[in-house]
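Observations on the model geometry
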Amino acid sequence: MPPAQVALLSLVLACCLPGPLLAGLLQPFDRLYYSGLRAYFQKDWPATEESLLGALQSRARVRGAKVACHAQCQAEEEDAGTAAGAGEGVPGHLQELGVFERVLRRAECQSYCLGRQVGPPSRHRTTRRVEDEFRRREPYNYLQLAYFQQKKLNEAASAAHTFFVANPRHLQMKEDISKYRKMAGVQEESFRDLEAQPHWEAYEAALRYYEADQYQEAIPLLEVSLNESFKALEECRVLCEGPYEEEESEEEQHKELYEAIADHYMQVLQCKQQCVLDIATKPGRRYAIDDFLPSHFDLLHFAYGSVGDWQRAIECAHTFLLFYPKNQTVTERLGQYQSATDEGLEAKARENVRLYIQRSLMEKTLIYYAVEHLDLTFDDPDPWTPEDLFPEGVRERPRVNKKKASEDDEPERGPPPYDGPTVTENAQQLNGTQRVVLDGLLTDDECTSIIRLARMAGGSGDGYRGRRSPHTPYENFQGLTLLKAVKTVGEGLANIDDARHFLEASERALKMTEWYFPTMDTPLLYSFTHLVCRAAVEGQQEGRSDLSHPVHADNCILDPESQECWKEPPAYIHRDYSAVLYLNDDFEGGDMFFTDMDAATVTAQVRPQCGRLVAFSSGGENPHGVRAVTRGQRCAIALWFTLSPEYSEQERTEAEEYLKQMEQSAAKTSQVEEKSRSERGHSPEPPGAGERGDHQARNHKKKASTNRRDEL
């Protein structure tokens, strides 16, 4: 059917057929999805279930139709032979027309095929945002609650598990699954992945047998994994041939014909190349398994050799060497397999893999031409790509560059300001940006000293707004500012050495943060310093599901729904960097964690311990929270830093001056007492002995007074 007739048929289907008949062809999955969301927020649970299930089924049907139509049209094209006008000796402009004739015929075939199976394009095209939500399995997030509200507990468990497989750090879903497991009537087999990918199920089962040296059982599963992986790869490649996904800028709108075609074609080719990473990335994981397809043949040749199937061992070794022809280990193994067989027994590499590599290299050749001449960038997903394929200007392998990116992007730092502290985890290890964990900033004695200060001087509440428990009623919260700590020393209720340790610890935290995150010529300044202890309330911890400190960002208002962070009041928009210096670990719970912008997907977790500093930029790139403290007391120094002098911590200057005056006064008193003792012929006491005794007496008196008030 000519293209004009296909377009007319689509128009008739869209505009002229009765609604029910058209609905029978296909309901657009994005429309069904949004209908399900509307029903969800209206708490219409049956409608939520019906629409979301319909959306999942409709999307699966569209994807299947696209794959089937691609295969059908490709087969028809091959049967028809080479398009007219593309032969040798034909003038260039006629060859070009021959190429475009093939393009038009393919477009006609696929348009007609898709129109017949799923209707006009308006019924199966959608936005990238909707596709991303389906890739993240968001429909199952809503479905599980709809099922739960209708008392369909086994279906709810399946939906929850399906979502959690792809989002393993989602806190709420983890808790929901734990609750489902405890509910009567929920069967264990309900916790299954409704979107399970066949190649992953077979691959993981095969590895279990392989690691147990059960090669006979591993072999068929590896073959299934391999076949299903190639099927998934082809499906991914077909779906790359979708709409052009760049938002048109002014420059894009004025591109010439060949520029526009080249842009779209390069986008499609790069997408197809990345499909090998797509199938090699297990749902819920951030990174792909290296060399996923070649590794199958590495495992298979050894497994076949171990069970004495020499012909298939030779075949798989040859196939692996298609990827890595210079691999010495497999070459030696191949020789051993051949020497163990009857004379003349030979096997070749698998033909489908040879064709796959040939096609991939042809695509890479085109892409690297565009890299060299059309200012394209490309991250090659395959470590087996031959070096001689790269243009002269990009001889350094892009994949290697990508692995080293975290090192190359690290700012130049001088030597650390202190000996002892070390970087334990960098941003890459913490799965984020602008975040770090350093250890060794404090000794055990210094941590003990600062905790003692918190217990002696810290009152009930946050220490600066008078709120008793600002985040949760299940914990007692004590906060102490630097100025309040120093004034408490002046009142004789705390030890001056403890206050000095508090001050020095915060100084180390700033200097180490400034060293790790260099801010050029602008010094990092204190914005606020807060000594905080959180203690679990005994008898109120069972069944607790809240957080000690909910997920938030430090200089903007986090909006998980839109995944935005609004940098506007009442947020502390002047904060640039944040840090937490931990003082102890003798408690349960209380781990700090980072999340994505959804405030639910945990990207990294930090366990407190004495002298450990976690520092990070204060913006929406680093949402974080604190897990519930369920036993004991957790103490830490929280610090916020700024690059804006007008927001520097004025109380700190006052506290430093106050502490200096007390130290000078103590020194003068000590000199007078020493002189007096000398005149009376008494031997002097050790420095500070009298002062420590006075403080201990006052503290004992204060503690006794407090105990009497508690008794009353």
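Just so we're clear, the structure is a prediction, and the values are computed from it rather than from any experiment.

Attention shifts here to the pattern of salt bridges. Using the criterion set out here, one finds 30 salt bridges in the structure. With its nearest N and O atoms 2.6 Å apart, the salt bridge here joins Glu204 to Lys282. Of the two residues, Glu204 sits in helix α10 (residues 198-211) while Lys282 sits in the loop between α13 (257-279) and α14 (292-306), which places them 78 residues apart along the sequence. For Lys282, a relative accessible area of 22% translates into the label partly exposed. In this structure, Asp498 engages Arg452 in a salt bridge whose closest nitrogen and oxygen atoms are separated by 2.7 Å. Of this pair, Asp498 sits in helix α21 (residues 496-516) while Arg452 sits in helix α19 (residues 444-457), and the two are 46 residues apart along the sequence. With a relative accessible area of 40%, Arg452 lands in the partly exposed category. A single network of salt bridges, built from pairs that share partners, joins Glu223, Glu315 and Arg350.

When pLDDT drops low, the exact placement of atoms in the prediction is not to be read closely. With 81% of its residues at a pLDDT of 70 or more, the chain shows a mean pLDDT of 81. Within the model, the stretch residues 397-408 combines pLDDT values under 50 with 20 contacts to residues more than four positions away or in other chains. The low-confidence segment residues 462-467, where pLDDT is below 50, has 13 contacts with residues more than four positions distant or belonging to other chains.

Put simply, helix α4 (residues 45-80) and helix α11 (residues 215-239) touch, their axes get as near as 9 Å, and they point 90° apart. Between α4 and α11, the angle is such that the two are roughly perpendicular. Mapping the contact onto sequence places Arg63, Lys66, Val67 and His70 in α4 and Glu235, Val238 and Leu239 in α11. In the contact of α4 with α11, the residues fall into three nonpolar, one polar and three charged.

Cut-off values and rules
- Residues numbered from 1 in each chain as written.
- Predicted model: local features only at pLDDT ≥ 70, side-chain atom pairs only at ≥ 80, totals over all residues.
- Heavy atoms only, no water.
- Salt bridge = Lys/Arg side-chain N within 4 Å of Asp/Glu carboxyl O.
- Helix = DSSP H or I, 4+ residues; strand = E, 2+ residues; numbered from the N terminus.
- Buried < 20%, exposed > 50% of the residue type's maximum accessible area, 1.4 Å probe, protein only.
- pLDDT = per-residue confidence, 0-100.
- Contact = heavy atoms within 4.5 Å.
- Axes fitted to C-alpha atoms, helices over the stretch in contact; angles between N-to-C directions.
- Parallel < 35°, antiparallel > 145°, perpendicular 65-115°, else oblique.
- Nonpolar A, V, L, I, M, F, W, Y, C, P; charged D, E, K, R; others polar.

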